[in-house]
Amino acid sequence: MKTIINQEIPDFSVEAYVDGVFRTVKREDLKGKWAIFFFYPADFTFVCPTELVDMADNYDKFRELGAEVYSVSTDSQFTHKAWHDASDSIRKVRFPMLSDKTGVLSEYFGVLNPDDFMAYRGTFVVNPEGKIKIAEVQDNGIGRNAEELLRKLEAAQFVAAHGDQVCPARWRPGDATLTPGIELVGKI
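Quantities reported herein were computed from a predicted structural model and do not represent experimental measurements. (Residues numbered from 1 in each chain as written. Predicted model: local features only at pLDDT ≥ 70, side-chain atom pairs only at ≥ 80, totals over all residues. Heavy atoms only, no water.)

### As for the packing of aromatic side chains
- One pass over the structure, following the stated rule, counts 13 aromatic pairs.
- Consider the rings of Phe12 and Phe37, whose centres lie 6.1 Å apart with planes at 80 degrees: the pair is edge-to-face. Remark: Phe37 occurs in strand 3 (residues 34-39) and Phe12 occurs in the segment before strand 1 (13-18); sequence separation between them is 25 residues. The exposure classification of Phe12 matches that of Phe37, with both residues buried.
- Between the aromatic rings of Phe109 and Phe124, the centroid separation amounts to 4.6 Å while the plane-to-plane angle is 50 degrees, which identifies the pairing as tilted. Residue Phe109 is located in the loop between helix 4 (104-108) and strand 6 (112-113), and its partner Phe124 is located in strand 8 (residues 121-126); the two are separated by 15 residues in the primary sequence.
- For Phe109, a relative accessible area of 4% corresponds to the buried category.
- Grouped by ring-pair contacts, the aromatic residues Phe12, Phe37, Phe39, Tyr70, Tyr108, Phe109 and Phe124 constitute a single cluster. (Phe/Tyr/Trp six-rings, centres within 6.5 Å; stacked < 30°, edge-to-face > 60°. Helix = DSSP H or I, 4+ residues; strand = E, 2+ residues; numbered from the N terminus. Buried < 20%, exposed > 50% of the residue type's maximum accessible area, 1.4 Å probe, protein only.)

Following this line, the structure appears as C-alpha cells:
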C-alpha cells in the first residue's frame, strides 16, 4: 500500500451543505490555509453524530488555528441538509458537510469501502500547499477525539514553521521540542 503522506490532494469539485445553503467546494478553496478532511460512513447513524458534534464543539478552535474542517460522506448534500434539519445535535455543525456521492474523494484518500460504498473513519490534515501531513483511518465502530486532532494540527503547524525541530509524543504548544542530530541518538 502506498502512503499518501506528503502527496498533493487532487483537483476536485463536490457539492456541500453549509450555513443553510448548498455550495460547491473545490480544491482551489483550500489554497493558503490548513484543512481537515473528516470522513465518516453515513448521515443518520450512531457514532457519526457524536463525532460531528465533538468537531462542532471544537470548530472555533480549529478556525483560530487557521484551519477549515470538511466533514465528508458519500451521502448527498440533500441528505446532509435533512440530517441538519432533523437533528438538534447536527444543527450545531457550522463547517461544510461535503457530499462525495461519486466516491472520488473517499477513493483518493483510501477510505472508500467498495462493499457498501461508505467511507471508513478517515482523518486527514492538509497543509496550505495542499499536501497531506496527517492521515489516520480506523474501522467504523471506533469514534475519534477532536481535542487529539487539534493537538496534532498544532504539532503539524509547529513543524511546518520550525523545520529543524520535531514534536515528541504528547507534545503541546509550549512544551520542549527536539532538534534531530547525532548527539540525541541513544539518549532519549
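Okay, back to it.
### Focus on helix 5 (residues 146-161)
- In this model, helix 5 (16 residues) spans 22 Å end to end at C-alpha, consistent with the 22 Å of a helix rising 1.5 Å per residue.
- Along helix 5, the residues classified as buried are Ala146, Leu149, Leu150, Arg151, Lys152, Leu153, Ala155, Ala156, Gln157 and Phe158.
- Next to the buried residues of helix 5 lie strand 3, helix 1 (47-57), helix 2 (59-64), strand 4 (67-73), strand 8 and strand 9 (132-138).
- One side-chain oxygen at the N-terminal end of helix 5 lies 2.8 Å from the backbone nitrogen of Glu147; it belongs to Asn145. (Expected span 1.5 Å × (residues − 1). Contact = heavy atoms within 4.5 Å. Polar contact = N/O pair within 3.5 Å; in protein donor to acceptor, adjacent residues only side chain to side chain.)

### Examining the side chain of Asp75
- Along the polypeptide, Asp75 turns up in the loop between strand 4 and helix 3 (77-86).
- Here the side chain of Asp75 touches Asp43 through a polar contact of 2.7 Å, landing on its backbone nitrogen.

Functional significance is not addressed by these values, which are geometric in nature.
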